[in-house]
Amino acid sequence: MIYRSVNIIQSIKSIHYKAFAYDTDHSCFLIRVFACLSFMLAAPCLNKAAAQSNHEYEEVSVNLNVQRIGEIEIAALIRDETAYLPVGDVFDFLHIKNVVSVKMDTVSGSFMNPQAKFIIDKTHNRILYADKTYDLKPGDLISSPTNLYLRSDYFGPVFGLTCTFSFRNLSITLSTELELPVIREMRQSQMRANVNKLKGNVLADTTIGRSYPLFHFGTADYSIINSTYDQSAQQTTRIGLGLGGIIAGGETNMVFNYQNNAPFSESQQYYLWRLVDNENPLVKQLSAGKIYGQSIASIYAPIVGVQVTNTPTTYRRSFGTYTISNYTEPNWVVELYVNGVLITYVKADASGFYTFNAPLVYGNSMIKLRFYGPYGEERSVIQNISVPFNFLPRHDFEYTASTGVVEDGRQSRFFRLSNHYGLSTNVTIGFGTEYLSTIASGTTIPFFNASVRLLSNLFFSGEYDYNVQTKALLNYQLSSATQLELSDTWYKKGQTAISNTYLEDRKAILSFPVRTAGFSAYSRITLEQIMLQNTTYTTAQWLLSGAFGTYSAGVNTYGSFIADGNPYIYSDFSISTRTLKNILITQHAQYEFVGKKLVGIKTELEKRIFKNGYLNASFDRNFNSKISNAELGFRYDFSYAQAGASIRKSGNLVNYLQSVRGSLIYDSHTDYFDANIRTSVGKGMVLVVPFLDLNGNGRRDPNEPKVPGLKVRVNGGRVQENVKDTTIRITDLEAFANYILELDPTAFDRIAWQLKKKVYSVAADPNFLKIVEVPVMVSGEVSGRVTLRNGADEKGMGRMLVSIFNAHVMVARTVTEADGYFTYLGLPPGAYSAQIDAAQLEKLHLTSLPAEVPFTIARNIDGSVVDNLYFVVRSKEE
């Protein structure tokens, strides 16, 4: 028998584990304290008892901790505070190829590579490895009915696996400088997982695809702005109402605009129906209504018509970056979307300047920008940006066809067919034709374009539009994020398709970052020259935007030069910081260099009050016009709407303004209703409903309640937990995109509540609340013991495989610990049976009594526990 000291340690360890793992009531605290104190007081006596014991062995459970991998609990032998490890189990955990003989007297295989053969031989008491022979002492190898054990201090000198055993903690730390197969496989697996995440190919436990209801309206956006001028008492009311739904399976968005003192204008209204099927090889998008028609000709009015394309809405692999920069409101956040997928976001500086390194993706990409204020304001205008490079994978073909009528008062007819083909990985050509009925110089414009990647960081784009223009652009990017772009456009003399009288337009842009200790900035120099019939017009701009400490600052210098004219040069200065109890202070100034005078100044203050309230004030003075403006405003963000009011004095004119805006979401099938301040029209929404799956059928039945405590991580959108009804709402999802929902059940207050599926792939439907019901399984636990009977002696037997069957189908398997006990948690309600693995019994020449033990997991909200399974094994000869 093993030392009594080891048995005591093992018992204390078991009590300590069970107390911490299973009990949650007040009495458990006393058990924990008693277990910890008993272990600390008994440890010195245990070591002394160990030194006085006889030299016999028995299996005990120890923790094997491998650096960079983790730890497992394995059965080991202990003698004189020396551990003996099961070679097969250790090598299996490290993914080292090995074979244990039937008699448990040899272990053979290859270590790290097929040529490095090894044999651990108990018969001859030696180890053969790497053309070397390691002679062992008697007792260094121990054979048991289930494994072959080797002294732990041999793993280091022979295989480079240094094992440090702590008798006090019953743990072994294994360290090595080798790149073990398991480490290499883990790293490769992580790399593949990262690549798949970048490509959007994430392995999910279940996938919830698109929904195509025949008719559904579920979202609405509204805004009401009322302004009054005190002198004339004239009141202006502007109302905007957006409705989002699904008709015949297609996204349907409508926006109505009304102003009380202006006639109704159809061109100020918006409506679009779009059907998307990214799996269809011929037509992936079909749109009808006010379409987005990219055109060569200058079109300033909406186009009402139809558009069809085989370009998908999904984000595709990128092959480079392209710098996009512009201006918005100071300190606003700008989000960059590529084909509806949020890629990145930046914060504008004190002057409102922002810049992106937008990814260049294969195919015709739709790039959009959304703008958010520093306290949650959302600008409804979405900018569509055309990137001058359009690359496709080799032999891929994409087309876009658009036709309709322009709402320009002349009912101009419009048609455009654009095609792109990937000649190679570095060359993509495009061709097509455009028609506009009101072009005097020629209604039809055939065109040809090409995008060429000359080097990995050198791109060329060219286009020829018949009888209109010829364009060329060269973009060169350095590894230091410096970018140089040269472009030139030559216009056909007399053309009227484009609304200008230019003969040539040349432009050069140099942008580069500036980084020092404690200071980072972005600089852009732009030089443009426009050739007209009788003169040349040149403009120059130098922008410097940076941040240092808590300050954000920007300087923008402009210069315009006309032949035979005086130059005009001025600079805009801006700086902002938070100070004086978190007040945002922004200061602007404009200075004219030729006249050597200050043109104007502006000061803005903003302070958050009442948790969700925002007070702002501003004053500006124009010294040329001698006009001063002052404004004071307040807005408050309720959970269901945003309301605001302001007063502005400009000269002798005073303007009062009140506004309210918000969004509504409604689902008729579940009577779900929600009001918030975020835009909902055109967006997707997901409602996660975790419920207790009492009968284990995976569907929610009327008597199955909701479950609190579930946590959700998602790659996009906004996650909000409703504590009252335990649901989780995910809003602000881009339509037609697939989102990965990772469920974390660690906050459940019962260990019996478990999830079968933890990763969901959900397709976001536009203007539709998708209900995702998550079944939470009430898991039953079964436990018991396997003992080995040898005559009148009986002891627990470790490493025995116990299989669990449901209707003669194996549903689970567990392994007994060193003392013969086994447990398994994760069985849904039902009738089961347990039996020891028949193949293992045959291999060990053992028989089991009984051969099978039936048991039942009852339906219980707290989980059912069965703990009376008992098996006795003995040799067939006995």
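Keep in mind it's a predicted model, so treat the numbers as computed, not measured. (Residues numbered from 1 in each chain as written. Predicted model: local features only at pLDDT ≥ 70, side-chain atom pairs only at ≥ 80, totals over all residues. Heavy atoms only, no water.)

Q: Pulling in residues and values, what's your account of the overall build of the protein chain?
A: Helix and strand counts for the protein chain stand at six helices and 61 strands. By the burial criterion, 44% of the 878 residues in the protein chain qualify as buried. For the protein chain, contacts bridging at least 24 residues in sequence account for 51% of all contacts bridging at least 6. Accessible surface, the protein chain: about 44600 Å² in total, of which carbon and sulfur atoms supply 56%. (Helix = DSSP H or I, 4+ residues; strand = E, 2+ residues; numbered from the N terminus. Buried < 20%, exposed > 50% of the residue type's maximum accessible area, 1.4 Å probe, protein only. Contact = heavy atoms within 4.5 Å. Areas by Shrake-Rupley, 256 points an atom, 1.4 Å probe, with all protein chains shown as cover.)

Q: Please provide a residue-by-residue account of empty space enclosed by the protein, values included.
A: Taken as a whole and judged by the stated rule, the model has one cavity of 30 Å³ or more. One number sums up the size of the largest cavity: a volume of about 40 Å³. In terms of lining, the largest cavity is formed by I439, S441, G442, T444, I445, Y466, N467, V468 and A497. Among the residues making up the lining of the largest cavity, the classes are represented as five nonpolar, four polar and no charged. (1 Å grid on protein atoms, 1.4 Å probe; cavity = no way out; pocket = protein on both sides within 12 Å on 5 of 7 lines; lining within 4 Å. Points joined across faces, edges and corners; volume = space filled by probe spheres on them. Nonpolar A, V, L, I, M, F, W, Y, C, P; charged D, E, K, R; others polar.)

Q: Give me the sheet that holds strand β55 (residues 801-806): which residues, what numbers.
A: Spatial strand order, β56-β55-β58-β60: four strands in an open sheet with antiparallel pairing. Looking at the sheet topology across the chains shown, the edges are occupied by β56 (809-815) and β60 (853-857). The sheet shows a mean angle of 30° between the axes of neighbouring strands, taken without regard to direction. Across five bridges, the pairing between strand β58 (residues 830-836) and β60 is antiparallel. For S833, the partnering residue across the bridge sits in β60 and is P854. (Pairing = 2+ DSSP bridges. Axes fitted to C-alpha atoms, helices over the stretch in contact; angles between N-to-C directions.)

Q: Could you give me a rundown of unusual backbone geometry, with the residues and numbers involved?
A: Cis geometry is adopted by the peptide bond preceding P850, which originates at L849 and carries an omega value of -5°. Here P850 shows up in the loop between β59 (846-849) and β60. For N767, which is not a glycine, the phi torsion comes out positive at approximately 60°. With respect to the secondary-structure elements, N767 resides in the loop between β51 (759-763) and β52 (769-778). Despite not being glycine, H808 has its phi angle at roughly 65°, a positive value. Locating H808 in the fold gives a position in the loop between β55 and β56.

Q: Summarise the nonpolar core; cite the residues concerned and give the values.
A: Formed by 40 residues in total, the largest nonpolar core has its most connected members in L94 and F159. In terms of nonpolar packing, the next biggest core, distinct from the first, is built from 25 residues, L694, I728, L743 and F748 among them. (Core = buried A, V, L, I, M, F, W, Y, C linked by side-chain atoms within 4.5 Å.)

Q: Provide a residue-level description of the packing of aromatic side chains, including the pertinent values.
A: For the structure on display, the rule yields 20 aromatic pairs. Ring centres 5.7 Å apart and planes at 80° place the aromatic pair F118 and F159 in the edge-to-face group. Here F118, found in strand β6 (residues 117-121), pairs with F159, found in helix α4 (residues 155-159); they are 41 residues apart in sequence, far enough to count as distant. The same class applies to F118 and to F159, which are both buried. Relative to F459, the ring of F391 has its centre 6.0 Å away and its plane inclined at 65°; by these criteria the two rings are edge-to-face. Here the residue F391 occupies a position in the loop between β25 (378-385) and β26 (397-406), and F459 occupies one in strand β30 (residues 458-465), the gap between them amounting to 68 residues. Under the relative-accessibility criterion, F391 is labelled buried at 0%. Put simply, the rings of F91, F111, F118, Y129, F155 and F159 pair up and form one aromatic cluster. In this structure, R453 is placed above the aromatic ring of F391, and the distance from its NZ or CZ to the ring centre is 5.9 Å. (Phe/Tyr/Trp six-rings, centres within 6.5 Å; stacked < 30°, edge-to-face > 60°. Lys NZ or Arg CZ within 6 Å of the ring centre and 35° of its normal.)

Q: How would you sum up the environment of S875? Please name residues and give values.
A: Among the secondary structure elements, S875 is positioned in strand β61 (residues 865-875). It is 9.0 Å that separates the C-alpha atoms of S875 and S848, two residues lying 27 residues apart in sequence. In contact with S875, not counting residues within four places along its chain, are H845, L846 and T847.

Q: An account of the pairing of strand β31 (residues 469-477) is requested, with residue identities and associated values reported.
A: Note that β30 and β31 share eight bridges and pair antiparallel. Paired with F460 across the bridge in β31 is L474. In textbook terms, the turn of a hairpin is the stretch between consecutive antiparallel strands, and for β30 and β31 this stretch comprises three residues, one of which, N467, has a positive phi near 65°. Strand direction decides the pairing type here: β31 and strand β32 (residues 483-491), joined by nine bridges, are antiparallel. Pairing of Q469 across the sheet is with Y491, part of β32.

Q: I'd like a description of the sheet that holds strand β50 (residues 753-755), backed by residues and values.
A: With respect to topology, five strands assemble into an open sheet ordered β47-β48-β45-β52-β50, the strand pairing being mixed. In the strand order of this sheet, the two ends are held by β47 (718-721) and β50, each with one partner. For this sheet, the mean angle separating the axes of adjacent strands, direction not counted, is 30°.

Q: Residues and numbers for the side chain of T538, please.
A: Structurally, T538 can be placed in strand β35 (residues 536-548). Those residues in contact with T538, other than ones at most four positions away along the chain, are L527, E528, Q529, G559, S560 and F561.

Q: Before we move on, can you summarise the environment of L94 with the specific residues and values?
A: Tracing the backbone through its elements, the reader meets L94 in the loop between α3 (87-93) and β4 (98-100). For the pair L94 and I183, spaced 89 residues apart in sequence, the C-alpha separation works out to 8.1 Å. What L94 contacts, discounting residues up to four positions off in sequence, is V66, I69, L161, L174, L180, P181 and V182.

Q: Summarise the pattern of salt bridges; cite the residues concerned and give the values.
A: Throughout the structure, instances matching the rule amount to 22 salt bridges. A salt bridge links R416 to E434, with the nearest nitrogen and oxygen atoms 2.7 Å apart. Pair noted here: R416 is in strand β27 (residues 412-422) and E434 is in strand β28 (residues 427-436), with a separation of 18 residues, a long-range link. One exposure class covers both R416 and E434, and it is buried. The shortest N-O distance in the salt bridge between D732 and K683 comes to 2.1 Å. A residue pair is termed long-range when its members are at least 10 positions apart, and D732 in strand β48 (residues 728-734) and K683 in strand β45 (residues 683-693) qualify at 49 residues. The two residues D732 and K683 agree in class, both being buried. Through salt bridges with shared partners, a single ionic network connects D140, R151 and D153. (Salt bridge = Lys/Arg side-chain N within 4 Å of Asp/Glu carboxyl O.)

Q: Hey, could you go over the side chain of N500 for me, with residue numbers and the actual values?
A: Secondary-structure assignment places N500 in the loop between β32 and β33 (504-516). Polar side-chain contacts of N500 include one of 3.2 Å to the backbone nitrogen of Y502. Setting aside residues no more than four positions away along its own chain, N500 makes contact with Y491 and Q495. (Polar contact = N/O pair within 3.5 Å; in protein donor to acceptor, adjacent residues only side chain to side chain.)

Q: How would you summarise the environment of S639 if you had to cite specific residues and measurements?
A: Among the structural elements, S639 can be located in the loop between β41 (627-637) and β42 (642-650). Taking relative accessible area as the criterion, S639 reaches 61% and is therefore assigned exposed. Expressed as a C-alpha distance, the spacing of S639 and G662, which sit 23 residues apart in the sequence, is 9.4 Å. Setting aside its immediate chain neighbours within four residues, S639 contacts A675, N676 and I677.

Q: Talk me through the confidence of the model for the protein chain; I want residue IDs and the actual numbers.
A: Mean pLDDT over the protein chain: 83, with 86% of residues reaching 70 or higher. Note on residues 1-55: pLDDT under 50 across the span, and 60 contacts to partners over four residues away in sequence or across chains. (pLDDT = per-residue confidence, 0-100.)

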